[in-house]
Amino acid sequence: MAAPPTDWHRLSAPPGLCRSCRHARLLASARSVFLRCELSDEDPSFLRFPPLPVQECGGWEKQDEGEG
């Protein structure tokens, strides 16, 4: 289930670059929020759930205004 964009603070660690990346999506369970990289759908070199905080990423792209 997608988490509201206001749930970034619920992550277990700071997201790093993912916080401003257009490929990052928050997913929520009853107890936790997870960060998922949508690039992993197209390219297996990207981890579906990257360890946080992400300091470097070759797939980072700035999110569009109004996202996240």
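Here is what the cut-offs are and how they apply
- Throughout this description, residue numbers start from 1 for each chain and increase along the sequence as written.
- Per-residue local features of the predicted model are confined to residues with pLDDT of at least 70, and side-chain atom pairs are confined, for both listing and counting, to 80 or more; whole-chain, interface and lining totals are unaffected and use all residues.
- For side-chain calculations, the full set of non-hydrogen atoms in the structure is used, while hydrogens and water are omitted.
- Among the buried residues, those of types Ala, Val, Leu, Ile, Met, Phe, Trp, Tyr and Cys that are joined through side-chain atoms within 4.5 Å form a nonpolar core.
- Accessibility here uses a 1.4 Å probe with only protein chains present; expressed as a share of the type maximum, an area under 20% marks a residue as buried, one over 50% as exposed, and anything in between as partly exposed.
- Helix numbers and strand numbers start at the N terminus; a helix is a DSSP run of H or I with at least 4 residues, a strand a run of E with at least 2.
- The contact criterion used throughout is that any non-hydrogen atoms of two residues lie within 4.5 Å.
- Stacked, edge-to-face and tilted are the three classes for Phe, Tyr and Trp ring pairs, Trp counted by its six-membered ring, which pair at centre distances within 6.5 Å; planes under 30 degrees apart are stacked, over 60 edge-to-face, the rest tilted.
- Should DSSP find at least two bridges between two strands, the strands are regarded as paired.
- Put simply, a salt bridge is a Lys or Arg side-chain nitrogen that is within 4 Å of an Asp or Glu carboxyl oxygen.
- Counted as a polar contact is a pair of N or O atoms within 3.5 Å, where, for protein atoms, one must be capable of donating a hydrogen and the other of accepting one, and residues adjacent in sequence contribute only when both atoms are in side chains.

Peer 1: In this structure, what is going on with the nonpolar core? I would like to understand it.
Peer 2: For soluble globular proteins, nonpolar side chains are generally found buried alongside one another. Formed by A3, W8, L11, C18, A24, L26, A28, V33, L35 and V54, the largest nonpolar core amounts to ten residues. Among the secondary structure elements, those contributing two or more residues to this core are β1 (24-28) and β2 (33-37). With three residues, the top contributor of residues to this core is β1. Contact partners of A3, with chain neighbours within four places excluded, come to L26, L27, A28 and V33.

Peer 1: Just to check I follow, could you spell out the packing of aromatic side chains for this structure?
Peer 2: Per the counting criterion, the structure on display carries one aromatic pair. With a centroid separation of 6.4 Å and an interplanar angle of 70 degrees, the aromatic rings of F34 and F49 are classed as edge-to-face. Note that F34 is positioned in strand β2 and F49 in the segment after β2, a separation of 15 residues in sequence. Relative accessible area serves as the criterion here: at 40%, F34 is assigned to the partly exposed category. Judged by its relative accessible area of 44%, F49 is partly exposed.

Peer 1: Can you walk me through the pairing of β1 in this structure?
Peer 2: For a regular strand, the rule is simple: side chains alternate between the two faces of the sheet. Only one face of β1 is covered, namely the one carrying A24, L26 and A28; the face carrying R25 and L27 has none of its residues buried. Relative to β2, β1 runs antiparallel, the two sharing five bridges. When the bridges of β2 are listed, L27 appears paired with F34. In this antiparallel pair of consecutive strands, β1 and β2, the connection spans four residues.

Peer 1: Would you mind going over the pattern of salt bridges with me for this structure?
Peer 2: Where charged atoms from two side chains of opposite charge approach closely, those side chains can pair. On inspection of all chains with the given rule, the structure shows four salt bridges. Note that D7 and R10 form a salt bridge whose closest N and O atoms lie 3.3 Å from each other. A relative accessible area of 36% places R10 in the partly exposed class.

Peer 1: So what exactly am I meant to see when it comes to the side chain of Q63 here?
Peer 2: With respect to the helices and strands, Q63 occurs in the segment after β2. Here the side chain of Q63 touches R19 through a polar contact of 3.3 Å, landing on its backbone oxygen.

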